[in-house]
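Survey of secondary and tertiary structure
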Amino acid sequence: MISRQNTPVQSWRGLPAAQQPTWPDEHALGTVLCDLAAAPPLVFAGECDQLRTRLASVARGEAFLLQGGDCAESFDAVSADQVRDKIKTLLQMAAVLTYASSVPVVKVGRIAGQYSKPRSQPTERRDGIELPAYRGDAVNSLEFTPEGRTPDPERLKRMYHASAATLNIVRAFTTGGYADLRQVHDWNQDFVASSPVGERYERLAREIDKALAFLKACAAEPSEFRSTEFFSSHEALLLDYESALTRKDSRTGQWYDVSAHLIWIGERTRQLDGAHVEFASRVRNPIAVKLGSAVGADEALALVDRLDPDREPGRLSFITRMGADKVRDVLPGLVEKVTASGAQVAWICDPMHGNTFTAPSGHKTRRFDDVLDEVKGFFEVHRELGTHPGGIHVELTGEDVTECVGGGAEIRLDDLAQRYESACDPRLNRYQSLDLAFQVAELYHHRRAPQGE
Ligand code: PEP
Ligand code: CO
């Protein structure tokens, strides 16, 4: 049996690790970690390198990143239909963005591993009863009972198997002909025809139609007609799990976290002297870090030193989540100082996490207009500084849920209860996601034009 101490990347142990569950049975945890340490990789080192190359293009301004998926995946939702609908939505968004930006769109899902959540409170109180907070299906159950909320390490194994099953579906849908660009465009035309705001996007859809007709007339068959590159990502929160899934690449002798192509460090776990930054600094995967509005430029520069000491484009992405009301004030100083330091990070906008509020009904929600406004602010800042707005990071689903308000189909605060299914944060539904993609496409299209044009 491999002991916990012998599993690969361990240098983070002994450092303060925020947001870790208190597992009731250390021995049971150890047994699970041994199994995971012996399990086959979920992704391959070469694929992680490929994504790093793609993100280098993003950092240089030659590509755009679309990263999206659930706030928290759940074991119950590992079904071909649910995964398909998420992929379908992301592919539709990517098609529009590719056309409008005239650069490749790098597609990354918050998928196949997004099973653990940082929480602002360690416990939750309902009707005078206090229990541990839900920390994602990888840790405990959403069910508000003492048994449900007790962390169970067997769930880490379920996380691995759920991730494997999901990745299998993702790989089938993105390479098996389903992702054919012509089909994706047909879906977008359906959206334009059926959405209440569809006519706004007719021109763009018609232009894409013409471009595809032109390719057809030339008998061109780009490989994107048959398959598309798609990568997985999640927050590397549970360091026991992530480190058990590190493997040494036999080609280069370097360590990779083979649980996902890209891993990110969340806003609550990015302490410079903490375990998460130490862990990420030891693996070769592309790394992203979330940055909220309270971040100082010095802190961001220190993160660059820790995580990207060689200033290698594609290694490090900063996902900023400032809030629509702060992005225009806070982002410029940050981008300016990081750029001046010579670092070549990819700048990604998460317009979700800075714009959450609680509706009178008690539902956690976000306004579509705030989400869009943060993206607009992000583009404005980069345009002013002459830097590249590298991409967007969104919480979305392929289903018609009612979790965020506004958007083309105009979901109101009173509608939230109709179909609110997120185990954690509110997601854009299919229509809201496509609406956002068309609007971002227009922003990108005009980003070089002077204000007012
Ligand atoms: C998330 O991405 O779901 C999340 C918790 O984000 P952040 O770390 O930015 O708060
Ligand atoms: Co979230």
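Before going into details, it helps to say that this report is about the structure given with it. (Residues numbered from 1 in each chain as written. Chains lettered and ligands numbered in written order. Predicted model: local features only at pLDDT ≥ 70, side-chain atom pairs only at ≥ 80, totals over all residues. Heavy atoms only, no water.)

Digging into the overall build of the protein
Quick note on the threshold: Numbering of helices and strands runs from the N terminus; a helix is a DSSP stretch of H or I covering at least four residues, while a strand is a stretch of E covering at least two. Only the C-alpha atoms count toward the radius of gyration. The rule for a globule is 2.2 Å times the residue count to the power 0.38. We call a residue buried when its accessible area falls under 20% of the maximum for its residue type, exposed when it is over 50%, and partly exposed in between, using a 1.4 Å probe and counting protein chains only. Two residues form a contact once any of their heavy atoms are found within 4.5 Å. Only four residue types enter the tally: Lys and Arg on the positive side, Asp and Glu on the negative side; His and the chain ends are excluded. Taken as the charge centre is NZ of Lys, CZ of Arg, CG of Asp or CD of Glu, depending on the residue.
For the protein, the count of helices and strands is 13 helices and 14 strands. The C-alpha atoms of the protein give a radius of gyration of 21 Å, which matches the 22 Å a tight globule of 453 residues would have. By its C-alpha atoms, the protein is 65 × 55 × 45 Å across when sized along the principal axes. The buried share of the protein, reckoned over its 453 residues, is 58%. Looking at the protein alone, contacts between residues at least 24 apart form 76% of all its contacts between residues at least 6 apart. Considering the protein, the positive charge centre built from 53 side chains and the negative charge centre built from 65 side chains are found 3 Å apart.

Topic: the site of ligand 1
Note the threshold: Summary of the distance rule: residues count as near a molecule or strand when at least one heavy atom falls within 4 Å of that molecule or strand. Under this definition, polar contacts are N or O atom pairs within 3.5 Å; protein pairs additionally need one hydrogen-donor-capable and one acceptor-capable atom, and for neighbouring residues in sequence, both atoms have to be side-chain atoms. The protein chains shown are the only cover counted for residues, whose accessible areas, like all others here, come from Shrake-Rupley with a 1.4 Å probe. For this classification, the nonpolar set comprises Ala, Val, Leu, Ile, Met, Phe, Trp, Tyr, Cys and Pro, the charged set comprises Asp, Glu, Lys and Arg, and every other residue, Gly included, is treated as polar.
The environment of ligand 1 is made up of Cys71, Arg110, Lys117, Pro118, Trp264, Gly266, Glu267, Arg268, Lys290, Arg321, His353 and Glu395. Within the side chain of Arg268, an N or O atom sits 3.2 Å from an oxygen atom of ligand 1. Here an oxygen atom of ligand 1 sits 3.1 Å away from a polar atom, N or O, in the side chain of Glu395. Taking 300 Å² as the accessible area of ligand 1 by itself, protein coverage stands at 98%. Looking at the shell around ligand 1 residue by residue, the classes come out as 3 nonpolar, 2 polar and 7 charged.

Observations concerning the coordination of the cobalt ion (ligand 2)
Using the following cut-off: Any N, O or S atom lying within 2.8 Å of the metal counts as a donor, with the limit raised to 3.2 Å for Na, K and Ca; because water is left out of the atom set, some sites can appear incomplete.
Every protein donor of the cobalt ion (ligand 2) is accounted for by Cys71 (SG), His353 (NE2), Glu395 (OE) and Asp425 (OD), and the metal-donor separations fall at 2.1 to 2.4 Å. Sequence spacing among the residues donating to the cobalt ion (ligand 2) works out to C-x281-H-x41-E-x29-D. Here the residue Glu395 occupies a position in strand S14 (residues 391-395), and Asp425 occupies one in the loop between S14 and helix H13 (430-445), the gap between them amounting to 30 residues. Owing to a relative accessible area of 0%, Glu395 belongs among the buried residues under this scheme. Since its relative accessible area comes to 8%, Asp425 is described here as buried.

Quick look at helix H1 (residues 26-37)
Heads up, the condition is: Multiplying one less than the number of residues by 1.5 Å gives the expected span of a helix.
The end-to-end C-alpha distance of H1, which contains 12 residues, comes to 16 Å, matching closely the 16 Å that a straight helix rising 1.5 Å per residue would cover. Residues of H1 that are buried: Leu29, Gly30, Val32, Leu33, Cys34, Leu36 and Ala37. Those residues of H1 that are buried lie in contact with helix H5 (154-175), helix H8 (239-244) and strand S6 (246-248).

Focus: the pattern of salt bridges
Under the convention used in this document: Throughout this description, the term salt bridge denotes a Lys or Arg side-chain nitrogen within 4 Å of a carboxyl oxygen of Asp or Glu.
Taken as a whole and assessed by the stated rule, the structure comprises 38 salt bridges. The partner of Glu154 in a salt bridge is Lys157, and the shortest N-O contact between them spans 4.0 Å. A residue pair is termed a helical-turn pair when its members lie 3 or 4 positions apart in one helix, as Glu154 and Lys157 do in helix H5 at 3 residues. Using a relative accessible area of 41% as the deciding quantity, one classes Glu154 as partly exposed. On the basis of relative accessibility, which here comes to 22%, the residue Lys157 falls in the partly exposed class.

Some thoughts on the pairing of strand S10 (residues 316-321)
Just so we agree on the cut-off: Following DSSP output, two strands are said to pair if at least two bridges run between them. The handedness rule is simple: strands pointing away from the viewer, and a clockwise path from the first strand over the helix to the second, make the crossover right-handed.
Among the 6 residues in S10, 6 count as buried, and that is most of the element. In this structure, strand S9 (residues 287-292) lies alongside S10, joined through 6 bridges in parallel fashion. Of the residues in S10, the one forming a bridge with Val289 is Phe318. Where the polypeptide runs from S9 across helix H10 (residues 297-307) and back to S10, its parallel neighbour, the crossover connection is right-handed. One crossover worth recording links S10 to the parallel strand S11 (residues 346-349) by way of helix H11 (residues 327-340), and it is right-handed.

Details of the environment of Asn188
Within the element layout of this structure, Asn188 appears in helix H6 (residues 181-194). Once the C-alpha coordinates of Asn188 and Asp273 are considered, the two residues, 85 residues apart in sequence, prove to be 46 Å apart. Beyond its immediate sequence surroundings of up to four residues, Asn188 is in contact with Gln92, Ala95, Val96 and Leu434.

Some points on the packing of aromatic side chains
The condition is simple: Paired rings are identified among Phe, Tyr and Trp, the last through its six-membered ring, by centres lying within 6.5 Å, and are further divided according to the angle between planes into stacked (under 30 degrees), edge-to-face (over 60) and tilted (the rest). A positively charged side chain is recorded as over a ring if its NZ (Lys) or CZ (Arg) lies within 6 Å of the ring centre. The angle to the ring normal must also be within 35 degrees.
According to the stated counting rule, one finds 12 aromatic pairs in the structure shown. Ring geometry for Phe318 versus Trp347: centroids 5.6 Å apart, planes at 50 degrees, classification tilted. In this pair, Phe318 sits in strand S10 while Trp347 sits in strand S11, placing the two residues 29 residues apart along the sequence. On the accessibility criterion, Phe318 (0% relative accessible area) is buried. With relative accessibility at 5%, the residue Trp347 sits in the buried group. Within the aromatic cluster, the residues linked to one another by ring pairs are Phe64, Phe378, Phe379 and Tyr444. Above the plane of the ring of Tyr431 lies Arg430, whose end atom (NZ or CZ) is 5.7 Å from the centre.

Describing the sheet that holds S14
So the rule is basically this: All axes here are fitted lines through C-alpha atoms, helices being fitted over the stretch that makes contact, and every angle between N-to-C directions spans 0 to 180 degrees.
One closed barrel accounts for 8 strands, arranged S1-S2-S5-S8-S9-S10-S11-S14; its pairing is parallel. Here the average twist between neighbouring strands, direction ignored, is 25 degrees. Note: strand S5 (residues 231-235) against strand S8 (residues 262-265), 3 bridges, orientation parallel. Looking at S8, one finds that Ser233 is bridged to Leu262. Contacts between helix H3 (residues 80-101) and the sheet are confined to strand S1 (64-69), strand S2 (105-110) and S14, with S2 contributing the most and set at about 155 degrees to the helix.

Looking at H13
Because the α-helix completes a turn every 3.6 residues, residues three or four places apart line up on one side. Spanning 16 residues, H13 covers 22 Å between terminal C-alpha atoms, matching the ideal 22 Å at 1.5 Å per step. Burial within H13 is extensive, with 12 of its 16 residues counted as buried. For H13, the full list of buried residues reads Arg430, Gln432, Ser433, Leu434, Asp435, Leu436, Ala437, Phe438, Gln439, Val440, Ala441 and Tyr444. Buried residues belonging to H13 abut S1, H3, H6, helix H7 (202-217), helix H12 (368-385) and S14. Backbone nitrogen of Tyr431 and a side-chain oxygen of the N-cap are separated by 3.1 Å at the start of H13; the cap is Asn429.

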